[in-house]
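Analysis of the macromolecular model
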Amino acid sequence: MKKLYILLALLIALMTIGEVSAQRQRITKTRSHQKTHRVVKKKKARSRKGRKTAKRRTPVDPTLSDPFYNPFLQCEDTCDHVHGIDLSHYQGQVFWETVGENTKMAYVYLKATEGSDRIDDRYEHNIEWAHYYGLKVGSYHFFRPKSPLREQLENFKTQCRPGEQDLIPMIDVETTGGLPTREFCDSLITFLGLVEQAYRQQPLVYTYRNFYNKHLIGQINDYKLMIAMYTEEEPVLADGRDITMWQYTSKGRIVGVAGYIDKSRFLGDHQLKEIRFRHIFPVNE
């Protein structure tokens, strides 16, 4: 009997030791999980902190810290050339009364249309108020080489009405549309001819210097040019062609327009009268 009690005591002791061991293992696992969880959270916090630091390192426009910087002091304030601007819906609302008071801006070209079906939704408003406040106004069309040419012309004519124009139409040429240069030039020259026939005067051609040098040398010699090149030096074309107008910045400022604006001026002895719209025939408006 005494042996039986001893065996029972040993059995109970072994069971107790096993339970204690299992409990310790559970505690160890729980602590290990908690420790791992805390480490992960700590890494996430460092990651967020790192992103904030990156944002603070973003370069800042140095002119913002220059107490003498005047964002409205532009080329027209320091020379005697005839200056103007061009606008589209990208500039949003324009305070034309304020723009009209800036006598150093003699003219404005307004985007009227693009391709065969796009119309600038600010055109009607802009042309009405630009006229009201005394600016000489012209209209331009963004040329799409692959769009049907006659449809592009009709689209432009719906907006660029001769009776509302002070300046000759301008054709904005910036893309080949993926066409080879020869096909692109054929398309452009045909379209320029259609515009000339419709308005009975040659349009002004706007393009970038590099684009002209690559695709247009020898192709549009009879047309006046406005060349865009945003440097301090006046543009010179590879073929030495005469340039009537120079768009010298796309980041100009003017009171009455929020944000940046394109500015241009006449080169050499060229004058505003050279691009005046000639109302030489009755038109059906």
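As shown above, the structure is provided for reference.
An account of the accompanying structure is given in this report. What you see as residue numbers is a count from 1 along each chain, following the sequence as written. For this predicted model, a pLDDT threshold of at least 70 governs which residues receive local features, and a threshold of 80 or more governs which side-chain atom pairs are given and counted, while totals over whole chains, interfaces and linings are taken from all residues. Each side-chain value is derived from all of the structure's non-hydrogen atoms; neither hydrogens nor water enter the calculation.

Regarding unusual backbone geometry
As a reminder, the rule being used: Secondary structure counts use DSSP, requiring at least four H or I residues in a row for a helix and at least two E residues in a row for a strand, with both numbered from the N terminus. Note on exposure labels: buried denotes an accessible area under 20% of the residue type's maximum, exposed denotes more than 50%, and partly exposed covers the range between, all computed with a 1.4 Å probe on protein chains only.
Its identity as a non-glycine residue notwithstanding, Arg 200 has a phi of 55°, on the positive side. If you trace the backbone, Arg 200 turns up in the loop between helix 5 (181-199) and strand 6 (204-208). Classification of Arg 200 as exposed rests on a relative accessible area of 51%.

A short note on the side chain of Asn 155
Formally: Any pair of nitrogen or oxygen atoms within 3.5 Å is treated as a polar contact; in protein, a donor-acceptor pairing is required on top of that, and neighbouring residues in sequence qualify only through side-chain atoms on both sides. Pairs of residues are marked as contacts when any of their non-hydrogen atoms sit within 4.5 Å.
As for its placement among the helices and strands, Asn 155 is situated in helix 4 (residues 149-159). Engagement of the side chain of Asn 155 in a polar contact is seen with the backbone oxygen of Gly 115, the distance being 3.2 Å. In contact with Asn 155, other than residues within four places in its own chain, are Thr 113, Glu 114, Gly 115, Ser 116, Asp 117, Arg 118 and Ile 119.

Some points on the nonpolar core
The cut-off we apply is this: To form a nonpolar core, buried Ala, Val, Leu, Ile, Met, Phe, Trp, Tyr and Cys residues must be joined to one another through side-chain atoms within 4.5 Å.
Of all hydrophobic cores here, the largest spans 48 residues; its most connected members are Trp 96, Val 108, Phe 184 and Ile 220. Here the element with the most residues in this core is helix 5; it accounts for 8 residues. Each residue touching Val 108, except ones within four places of it in the same chain, is listed here: Ile 85, Leu 87, Trp 96, Ala 130, Leu 135, Lys 136, Val 137, Gly 138 and Leu 167. If you look at the next biggest cluster of nonpolar residues, it comprises 14 residues, including Tyr 109, Leu 204, Met 226 and Ala 228.

Here's the deal with helix 6 (residues 209-216)
The test is simple: Arc, as used here, means the arc of the directions from the helix axis to the C-beta atoms.
Among the residues of helix 6, those classed as buried are Phe 211, Tyr 212, His 215 and Leu 216. Within helix 6, the buried residues cover an arc of 100° as seen down the axis, which keeps them to one side. Residues of helix 6 that are exposed and angled more than 90 degrees away from the buried face: Asn 210 and Lys 214. Lining the buried residues of helix 6 we find helix 5, strand 6 and strand 7 (225-228). Remark: Gly 218 follows helix 6 within two positions and exhibits a positive phi of approximately 75°.

Section: the pattern of salt bridges
Basically, it comes down to this: Every case where a carboxyl oxygen of Asp or Glu lies within 4 Å of a side-chain nitrogen of Lys or Arg is listed as a salt bridge.
Applying the stated criterion to the full structure yields 7 salt bridges. Measuring nitrogen to oxygen at the nearest pair gives 3.2 Å for the salt bridge that ties Glu 114 to Arg 118. Look at Glu 114 and you get buried, because its relative accessible area is 9%. Arg 161 is the partner of Glu 164 in a salt bridge, and the nearest nitrogen-oxygen pair spans 3.5 Å. A cluster of three or more residues bridged by salt bridges with shared partners is formed by Lys 111, Glu 114, Arg 118 and Arg 144.

Re the environment of Ile 227
Here Ile 227 shows up in strand 7. Residues in contact with Ile 227, not counting those within four places in the same chain, are Thr 207, Tyr 208, Arg 209, Pro 235, Leu 237, Ile 243, Met 245, Trp 246 and Gln 247.

Considerations on the pairing of strand 1 (residues 83-87)
For clarity, the cut-off: In short, DSSP must find at least two bridges between two strands for them to pair.
Of all the 5 residues making up strand 1, 5 are buried; the element is thus mostly covered by neighbouring parts of the structure. What you see with strand 1 is no split at all: His 83, Ile 85 and Leu 87 on one side and Gly 84 and Asp 86 on the other are buried throughout. Here strand 1 pairs with strand 2 (residues 105-114) via 5 bridges, running parallel. Directly across from Leu 87, in strand 2, lies its bridge partner Leu 110.

Things to note about the environment of Asp 239
Residue position: Asp 239 is located in the loop between strand 7 and strand 8 (245-254). What makes Asp 239 partly exposed here is its relative accessible area of 32%. Excluding its chain neighbours within four sequence positions, the residues that come into contact with Asp 239 are Tyr 212, Ile 217 and Gly 218. Looking at Asp 239, its side chain comes within polar contact range of the main-chain nitrogen of Arg 241, at 3.1 Å.

Here we look at the packing of aromatic side chains
As a reminder, the rule being used: Only rings of Phe, Tyr and Trp enter the pairing, Trp through its six-membered ring, and a pair is recorded when the two centres are within 6.5 Å. The plane angle decides the type: under 30 degrees is stacked, over 60 is edge-to-face, the rest tilted.
With the rule as written, the count across this model stands at 11 aromatic pairs. Geometrically, the ring pair formed by Tyr 199 and Phe 277 is edge-to-face, given 6.4 Å between the ring centres and 85° between the ring planes. Of this pair, Tyr 199 sits in helix 5 while Phe 277 sits in the segment after strand 9 (257-266), placing them 78 residues apart in sequence. By relative accessible area, which is 7% here, Phe 277 ends up buried. Taken together through their ring pairs, the aromatic side chains of Trp 129, Tyr 132 and Tyr 133 make up a single cluster.

Side note on the packing of helix 5 against helix 6
Spelled out, the test is: Convention adopted: a line fitted to C-alpha atoms gives each axis, helices being fitted over their contacting stretch, and angles between N-to-C directions are expressed from 0 to 180 degrees. With respect to orientation, any angle under 35 degrees is reported as roughly parallel, any angle over 145 as roughly antiparallel, any angle of 65 to 115 as roughly perpendicular, and every other angle as oblique. Throughout, the ten residues Ala, Val, Leu, Ile, Met, Phe, Trp, Tyr, Cys and Pro are labelled nonpolar, Asp, Glu, Lys and Arg are labelled charged, and all others, Gly among them, are labelled polar.
Their axes nearest at 10 Å, the elements helix 5 and helix 6 cross at an angle of 105°. Accordingly, the angle class assigned to the pair helix 5 and helix 6 is roughly perpendicular. Here helix 5 contributes Thr 181, Phe 184, Cys 185 and Leu 188 to the contact with helix 6, which in turn contributes Phe 211, His 215 and Leu 216. Per-class residue counts for the contact of helix 5 with helix 6 are 5 nonpolar, 2 polar and no charged.

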